Structure formats: structure tokens, C-alpha cells
Amino acid sequence: MELPSIPVGTPEPGLYIVATPIGNLGDITLRALAMLQGAALIACEDTRVTGKLLNHFGIKARLQRLDDHASPQTRTRIIDEARHSAVVLVSDAGTPLISDPGYRLVREARAAGVMVTSIPGACAAISALAMAGLPSDRFLFAGFLPVKDKARRETLEGLAQVAATLVFYETAPRLERSLRAIAELWPTREVAVARELTKLHEECRSGTAASLADHYAAHPPKGEIVLLIGPPDESEAPALDADAMLRAALAEAGPGKAAGIVAKATGIDRAALYTRALELRGE
Ligand code: SAM
């Protein structure tokens, strides 16, 4: 493919964090191409994956593997090189450091006084958030959910009160189990599955976690997935408020009276509040 004619010049020394496409190669940016072409060294997660990308754009470059297992010496060598020439960091796809290697390298480069900058571009989490139709004013990106059921549940429970859309990376074989876990915790929240973004079979499907789990049980998904969970809805709020109110009432009164006070204030069933008050007192 012929490169677009943009003035390149020799880039300044430093570490350039360069985003690459997450599927559709047309999403490479002009600045990314200029940097990949002008870099003295490209640090990458997998030299074969990045080699293919460079081949596609007719770029020849020196590659250095930098994955999560890179030694401190490898990072030091890369940082030393970035003191006097332009070094690019890419991952296999999307934005480096976002569930991808690079954090230590960037931290150490900054500490060493090396110029560090980011050339933005594709990121699956951001694309999914932009198209899912869930609140986007506040979101929390939490990487991959744990694989084991107990750990996954604990992670989700830990995020229960976050008043923001939750964004996770997920794999196709684990999607249904994750959706079932979400359905158990939050049966009414709106959930979205964004799959194969920017590719031929792109889809974004939303609904309750249970309805999505049923859909994907019947149509096993393929490819790459972002899983999004809407913020707590109104049906979850009273339970949280009731706990806080019960705790406050329990500071002044016994469980029976506390349950009565909160029942009157909220309209929640007194017997249920009494049971909860006993639990809270035992905590
Ligand atoms: N750094 C990348 C980014 O900026 O999106 C993410 C790297 S992470 C190792 C890979 C995960 O990102 C995949 O397992 C999937 O959850 C998500 N992902 C990457 N490309 C995707 C795509 N085209 N559609 C949906 N999800 C994608």
C-alpha cells in the first residue's frame, strides 16, 4: 500500500506510544504510519504480529520484543536508545498499555527523563463505549474479568456500587458464564456485548445479562469481545440506602425499632428490614 504523503522529517528522540488498528487496517492513523516509518526501533509485543502490520504498509523497521515478561535490562536498553533516537512502542492491536504491555517501560522512561508521548488511535474499550448506548459520562474500565467463578463474582461485587458504566474485555468461550454471573447479581441492569469491532462481523447487542446469556448459549460467539454493564439502576438504590439508614437507626435503637423507623421512611417491608437489621448488628 502506498503511504500517504505527509511530511515526516526525523522524529525527535523519545518514546512514542503508538496505537494500531483493532481489526480494520484502515484505522491506522497518519501519525502512526509516520512514526512507524521514522522510528529507529519499534518495541512490540510480538514481532510476527507487528511484522505483518508493517509489511502491509511496506515499512521496514528494527523490531525488539517487549512483552509482560521482558527483563529490566531489556527495558533499560530500550530507554537508553530513546535518549538519542525515536523509539516506538506498539502492542498487537489497539492502544498499548490498555490490557497490554508497556506500563513499566513508560514509568521508567519518564523517571529517566526521556520524552514520552502518545499517538492515539483505536482502542476496543472506547469504541465499544461509544456505540453501546450506555451512559458514557462516567465509565470504569476494569480489563479482563477473572476466569474462576468465585474470583469473577468477587470482582463484580466489588464494583457493585460504582455509579458508572463498567467496561471489561472478555473472551468468546467465557462470555456466557460471565453473563450468567452478572444476571445473578444484577438481573435488571442493561448490559451490552460489543463483538468483532471494526471487522466484517461486527455486532453490538444489548439487553439484560440473562437475555444475552440465552442468546449466546444458542449462538456461540466467535472473535473478540467487550462486555459493558450499565450503572446501578433505581431498583438497586433502595437496598443500598436502606442499609445506610438501618445502620444509622441501629446506632440509636434496637433492631425492631430501627426496622420500624426505616420501614416508615422508605415503605420497605418491615419484616425484611428487621431481618437485615439483625444481620447488620451481627457484622
Ligand atoms: N490494547 C487493546 C485495545 O486498545 O483495545 C486491547 C488488548 S487486549 C490484550 C485484547 C482484548 O481487547 C480482546 O480480548 C477483546 O476483549 C478486546 N478487543 C480487541 N480488539 C477487539 C475488537 N476488534 N472487538 C472487540 N473487542 C476487541
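Residues numbered from 1 in each chain as written. Predicted model: local features only at pLDDT ≥ 70, side-chain atom pairs only at ≥ 80, totals over all residues. Heavy atoms only, no water.

1. Observations concerning the overall build of the protein chain
Cut-off, in case you're wondering: By the criteria applied, helices consist of DSSP H or I runs no shorter than four residues and strands consist of E runs no shorter than two, each listed in order from the N terminus. The globule rule used for comparison is 2.2 Å times the number of residues to the exponent 0.38, while the radius of gyration itself is calculated over C-alpha atoms. Each residue gets one of three labels from its accessible area relative to the maximum for its type: buried under 20%, exposed over 50%, partly exposed in between, using a 1.4 Å probe on protein chains only. In this analysis, two residues are considered to be in contact whenever any of their non-hydrogen atoms come within 4.5 Å of each other. Positive charges come from Lys and Arg alone, negative charges from Asp and Glu alone, with His and the N- and C-terminal ends not counted. Each charge is placed at NZ for Lys, CZ for Arg, CG for Asp and CD for Glu.
Across its full length, the protein chain carries eleven helices and ten strands. What you see for the protein chain is a C-alpha radius of gyration of 25 Å, clearly larger than the 19 Å of a compact globule of 283 residues, by over 25%. In terms of overall dimensions, the protein chain has C-alpha extents of about 75 × 45 × 30 Å along its principal axes. Expressed as a percentage of the 283 residues in the protein chain, the buried residues total 42%. In the protein chain, the share of contacts with a sequence separation of at least 24, taken over all contacts with a separation of at least 6, comes to 70%. Positive and negative charge centroids in the protein chain, built from 31 and 34 side chains respectively, lie 4 Å apart.

2. A look at the site of the ligand
Short version of the rule: Here a residue counts as near a molecule or strand whenever at least one of its heavy atoms sits within 4 Å of it. What qualifies as a polar contact is a pair of N or O atoms within 3.5 Å, subject to a donor-acceptor requirement within protein and to the restriction that residues adjacent in sequence count only when both atoms come from side chains. Throughout, the Shrake-Rupley method with a 1.4 Å probe supplies accessible areas, and for residues the shown protein chains are the sole cover considered. In the scheme used here, Gly and all other residues not listed as nonpolar or charged are polar, with Ala, Val, Leu, Ile, Met, Phe, Trp, Tyr, Cys and Pro taken as nonpolar and Asp, Glu, Lys and Arg as charged. Here the bounds of each domain stem from an automatic or database domain assignment.
Looking at the ligand, there are 19 residues lining it, with T95, D100, A124, Y169 and I225 nearest. A124 places a polar main-chain atom, nitrogen or oxygen, 2.8 Å from an oxygen atom of the ligand. In the complex, the protein chains occlude 90% of the 570 Å² of accessible area that the ligand would expose alone. Looking at the shell around the ligand, the elements with two or more residues in it are β7 (165-171) and β10 (224-229). At three residues, the largest contribution of residues to the shell around the ligand is made by β10. For the shell around the ligand, the class distribution of residues is eleven nonpolar, three polar and five charged. In terms of domain composition, the shell around the ligand takes at least three residues from each of domain 1 (14-122) and domain 2 (125-148 + 158-232).

3. So, the nonpolar core
The line we're drawing: In these notes, a set of buried Ala, Val, Leu, Ile, Met, Phe, Trp, Tyr and Cys residues joined through side-chain atoms within 4.5 Å is what counts as a nonpolar core.
By size, the foremost hydrophobic cluster in this structure holds 21 residues, and its most contacted members are L179 and L227. Among the elements that make up this core, the one with the highest residue count is helix α7 (residues 175-185) (five residues). Among residues more than four places away in sequence, those in contact with L179 are V191, V193, A209, L212, A213, Y216 and L227. Core analysis: the second largest hydrophobic core is formed by 18 residues, I28, M35, A39 and L54 among them.

4. Some details on the sheet that holds β10
In any sheet, the strands associate via hydrogen bonds between backbone groups, in a parallel or an antiparallel arrangement. Where we set the bar: Following DSSP output, two strands are said to pair if at least two bridges run between them. Only the contacting stretch of a helix is used when fitting its axis, a line to C-alpha atoms as for every element, and angles between N-to-C directions run 0 to 180 degrees.
The sheet built from five strands is open, its strands ordered β6-β7-β10-β8-β9 with mixed pairing. Single-partner strands in this sheet number two, and they are β6 (139-144) and β9 (203-207). Averaged over all pairs of adjacent strands, the angle between their axes in this sheet comes to 20°, without regard to strand direction. Two elements, β7 and β10, share six bridges in a ladder whose sense is antiparallel. When the sheet's bridge partners are listed, V167 is paired in β10 with L228.

5. Quick look at the sheet that holds strand β2 (residues 41-44)
The strand order β3-β2-β4-β1-β5 describes an open sheet built from five strands, whose pairing is parallel. Looking along the sheet, the strands with just one partner apiece sit at the ends: β3 (63-65) and β5 (116-119). On average, adjacent strands in this sheet sit at an angle of 25° to one another, irrespective of strand direction. By the bridge criterion, three bridges tie β2 to β3 in an arrangement that is parallel. From the neighbouring strand, I42 faces β3, where its bridge partner is L63.

6. Comments concerning helix α10 (residues 255-266)
Basically, it comes down to this: Multiply 1.5 Å by the residue count of a helix minus one, and that product is the helix's expected span. Each direction from the helix axis to a C-beta atom contributes to the arc, which is the arc of those directions.
Its twelve residues give α10 an end-to-end C-alpha distance of 16 Å, which sits within 8% of 16 Å, the value for a rise of 1.5 Å per residue. Among the residues of α10, P255, A258, A259, V262 and A263 are the ones counted as buried. Angular distribution of buried residues about the axis of α10 spans 130°; they occupy a single face of the element. Turned more than 90 degrees off the buried face of α10, the exposed positions are K257, K264 and A265.

7. Side note on the domain arrangement of the protein chain
By domain assignment, the protein chain separates into domain 1 (14-122), domain 2 (125-148 + 158-232) and domain 3 (235-282). Spacing between the C-alpha centres of domain 1 and domain 3 amounts to 55 Å.

8. Brief notes about the packing of aromatic side chains
Test applied: Put simply, two rings from Phe, Tyr or Trp (the six-membered ring, in Trp's case) pair if the centres are within 6.5 Å, and we call them stacked under 30 degrees between planes, edge-to-face over 60, tilted for the rest.
If you walk through the whole model with that rule in mind, you get two aromatic pairs. With centroids separated by 5.0 Å and ring planes inclined at 65°, the aromatic side chains of F141 and Y169 adopt a geometry described as edge-to-face. Separated by 28 residues along the polypeptide, F141 in strand β6 and Y169 in strand β7 bring together distant segments of the chain. Within the aromatic cluster, the residues linked to one another by ring pairs are F141, F144 and Y169.

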